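Structural characterization, general
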Amino acid sequence: MSVNPMTYEAQFFGFTPQTCMLRIYTTFQDYLFEVMQAIEQVILKKLDGIPHCDISPVQICKCTEKFLCFMKGYFDNLFSKMEQLFLQLILRIPSNILLPEDKCKETPYSEEDFQQLQKEIEQLQEKYKTELCTKQALLAELEEQKIVQAKLKQTLTFFDELQNVGRDHGTSDFRESLVSMVQNSRKLQNIRDSVEKESKRLKIS
């Protein structure tokens, strides 16, 4: 068998050419053994039908083994030549042929091309980082909006409850009641400020 690994051919076929030839050799050898066994069985049956035959089954087996060794040696010699033919002309990829995944090696690249490619890779990496940061910022803003929306919903629910309470106590319009309450609150605040100023003035005098 050939010792050349033929790795490029293995990349294309999915198996090494030597493995293929080994399987062919094993198949032919098994078939040869089976044929010789069948021939031996036929001869032994024929001998059983011949009366007073001086040839014993043991002699038949020995002759079969000798013939098998002869055929195996002859077959090995032929297979060696066939293997060389297959590995050189059939299962070999010519040196001027490139596989589709290696087409990029067909065009040589200079040092400038490599530097340009490296620069483009760095730019793409920076762009990816920027987009990732932007995505994270948008997700954070989205979470904040969810929180604000939840608080707004809670506030609206609170006002709805206040309006329902106002209706239960005879207040027809909650908005008017709220405006009136704010105005009264401002009046009370103004009165408190006036009282504090008057109190300070009295203390000074």
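Residue positions are given per chain, counting from 1 as you read along its sequence in written order. In keeping with the model being predicted, local features are shown solely for residues with a pLDDT of at least 70 and side-chain atom pairs are shown and tallied solely at 80 or more, while totals for entire chains, interfaces and linings include all residues. To obtain the side-chain values, all non-hydrogen atoms of the structure were used and water was disregarded.

The secondary structure listing takes helices from DSSP runs of H or I that are at least 4 residues long and strands from runs of E that are at least 2 residues long, numbered from the N terminus. Within the secondary structure, Q29 is located in helix α2 (residues 17–48). Exposure categories follow from relative accessible area, calculated using a 1.4 Å probe and restricted to protein chains: below 20% of the type maximum is buried, above 50% is exposed, and the middle band is partly exposed. Its relative accessible area of 15% is what places Q29 among the buried residues.

In this section: the environment of S56. The residue S56 is located in the loop between α2 and α3 (57–90) in this model. You can call S56 partly exposed: its relative accessible area is 27%. S56 sits 12 residues away from L44 along the chain, and the two C-alpha atoms are 8.9 Å apart.

A separate point is a nonpolar patch on the surface. Note on patches: the residues involved have over 30% relative accessible area and no salt bridge, like charges join within 9 Å, and the nonpolar side chains Val, Leu, Ile, Met, Phe, Trp and Tyr join within 5 Å. Using the Shrake-Rupley algorithm and a 1.4 Å probe, accessible areas are obtained, with residue cover drawn only from the displayed protein chains. One side-chain nitrogen of Lys or Arg within 4 Å of one carboxyl oxygen of Asp or Glu is enough to make a salt bridge. Taken together, the side chains of L85, L89 and I90 make up a nonpolar region of the molecular surface, amounting to roughly 310 Å² of accessible area. You can see I90 is positioned in helix α3. Overall, the relative accessible area of 48% leaves I90 in the partly exposed class.

With that settled, the discussion passes to the UniProt feature "coiled-coil region" (unreviewed entry) in the chain. When the UniProt feature table is mapped to this numbering, "coiled-coil region" (unreviewed entry) covers residues 114–141. Its end C-alpha atoms 40 Å apart, residues 114–141 is made of 100% helix and 0% strand. UniProt positions are given in the numbering used here, feature names are shortened, and annotations may be inferred rather than shown by experiment.

This model, assessed by the stated rule, comprises two salt bridges. For the salt bridge of E143 with K146, the shortest nitrogen-to-oxygen distance reads 3.9 Å. Of this pair, E143 and K146 both sit in helix α4 (residues 111–168), three residues apart, roughly one helical turn. Note on K146: relative accessible area 45%, which makes it partly exposed.

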